[in-house]
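Single-letter residue listing:
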Amino acid sequence: MKKQTQQFEQEIRNALKGKTIPILVLDQRWHELFPYGEKPGPVITLEEQVNQLLQRQGKLVNEIKELKKVKKRLMAGIVSGMSTPYEKSKNKKDNQQRLFLETKERIETESRELMTIPNQIKKKNEELLIVGAGYCLEKLRDGDARLESAKKRLEELQQQVKEAKTYKEDLEKQMDSAYSLMHGVLGHDIMNLFDSDK
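Described in the following lines is the structure provided in the data block. Nothing here was measured: the structure is a model prediction, and the numbers come from that model.

**Some details on the overall build of the protein**
And step 1. Secondary structure assignment for the protein yields five helices and zero strands.
And step 2. Each helix and strand of the protein, ordered N terminal to C terminal, gives the series α-α-α-α-α.
And step 3. Over its C-alpha atoms the protein spans a radius of gyration of 40 Å, topping by over 25% the 16 Å that the globule rule assigns to 198 residues.
And step 4. Here the protein holds 198 residues, and the buried ones make up 21% of them.
And step 5. Of all intrachain contacts in the protein linking residues separated by at least 6 positions in sequence, the fraction that spans at least 24 positions is 75%.
And step 6. Of the roughly 15300 Å² that the protein leaves accessible, carbon and sulfur atoms contribute 57%.
And step 7. Each charge sign in the protein was given a centre, from 37 positive and 32 negative side chains, and these centres are 16 Å apart.

**So, a nonpolar patch on the surface**
And step 1. A cluster of nonpolar side chains, namely Met-182, Val-185, Leu-186 and Ile-190, defines an oily patch on the protein surface of about 360 Å² accessible area.
And step 2. With respect to the element layout, Met-182 can be found in helix 4 (residues 86–186).
And step 3. Looking at Met-182, the relative accessible area reads 35%, which means it is partly exposed.

**Topic: the pattern of salt bridges**
And step 1. Tallied over the entire structure, the rule returns 16 salt bridges.
And step 2. With its nearest N and O atoms 2.6 Å apart, the salt bridge here joins Asp-27 to Arg-29.
And step 3. The class for Asp-27 is buried, based on a relative accessible area of 13%.
And step 4. A salt bridge links Asp-142 to Arg-146, with the nearest nitrogen and oxygen atoms 3.3 Å apart. You can see Asp-142 and its partner Arg-146 sitting in helix 4, four residues apart, about one turn around the helix.
And step 5. Under the relative-accessibility criterion, Arg-146 is labelled exposed at 53%.

**A look at the packing of aromatic side chains**
And step 1. All chains considered together, the criterion is met by two aromatic pairs.
And step 2. With centroids separated by 5.1 Å and ring planes inclined at 70°, the aromatic side chains of Trp-30 and Phe-34 adopt a geometry described as edge-to-face.
And step 3. Relative to Tyr-135, the ring of Phe-34 has its centre 5.8 Å away and its plane inclined at 25°; by these criteria the two rings are stacked. With Phe-34 in the loop between helix 2 (28–32) and helix 3 (41–81) and Tyr-135 in helix 4, the pair connects residues that are 101 residues apart, well separated along the chain.
And step 4. Residue Phe-34 is classed as buried on the basis of its relative accessible area, which comes to 2%.
And step 5. Grouping aromatic residues by their ring pairs yields a cluster made of Trp-30, Phe-34 and Tyr-135.

Cut-offs applied
- Position labels on residues start from 1 in each chain and follow its written sequence.
- Reporting of local features is limited, given that this is a predicted model, to residues whose pLDDT is at least 70; pairs of side-chain atoms are given and counted only at 80 or more, and all residues count toward the totals for whole chains, interfaces and linings.
- Each side-chain value is derived from all of the structure's non-hydrogen atoms; neither hydrogens nor water enter the calculation.
- Secondary structure elements follow DSSP: runs of H or I no shorter than four residues count as helices, runs of E no shorter than two count as strands, and numbering proceeds from the N terminus.
- The size measure is the radius of gyration over C-alpha atoms, and the globule rule it meets is 2.2 Å times the number of residues to the 0.38 power.
- Burial here depends on accessible area, computed with a 1.4 Å probe over protein chains only, as a share of the maximum for the residue type. Under 20% is buried, over 50% is exposed, and the range in between is partly exposed.
- We call two residues in contact whenever any of their non-hydrogen atoms come within 4.5 Å of each other.
- Values of accessible area rely on a 1.4 Å probe in the Shrake-Rupley scheme; residue burial ignores everything except the protein chains shown.
- For the purpose of charge, His is not counted, nor are the chain termini; Lys and Arg are scored as positive and Asp and Glu as negative.
- Note on charges: their place is set at NZ of Lys, CZ of Arg, CG of Asp or CD of Glu.
- Without a salt bridge and with relative accessible area above 30%, a residue can belong to a patch; like charges are then joined within 9 Å and nonpolar side chains (Val, Leu, Ile, Met, Phe, Trp, Tyr) within 5 Å.
- By definition, a salt bridge exists where a carboxyl oxygen of Asp or Glu is found within 4 Å of a side-chain nitrogen of Lys or Arg.
- Working definition: rings of Phe, Tyr and Trp (its six-membered ring) pair if their centres are within 6.5 Å, and the pair is stacked with planes under 30 degrees apart, edge-to-face with planes over 60 apart, and tilted otherwise.

Have a look at this one:
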């Protein structure tokens, strides 16, 4: 079974090469594959990981945007401070330059991290697809087995209904025949007594 699972996973990986798949946690069709929230633990874990990566990506984009604004303000402060005498503003200039360099370094660091996130999202998303597809395939196989069982049971019930109907029709014929024969043998008056006794 494990060999079959690994083979299935490899087949999916091969099929995905060169294809763009949507981010599953953002795709409504993905969630509809799991009615009533019936998601297995590994799927839930991978979804959480993809969501965390998406949140981190959004946070980094916003932080970098804000840091660039701060960097621009610091640069403007440094440029405007160039016209002031050196002795008066040495501490302020040094502090602005230090903050400018720290901000620049932080932008670079967060930008490098931001560059790695799409690939991480892609890998986790593919892993999620593989795990989810395996789960869904098992559900389909299980559903096929249950469907076959239900069909077999339905055929058995149909046969029982057919046999019961045939039995009922034969019994009605026997009763009609017996009533006719009794009517002929016993006569109308005695059969009326029998009919009123019912």
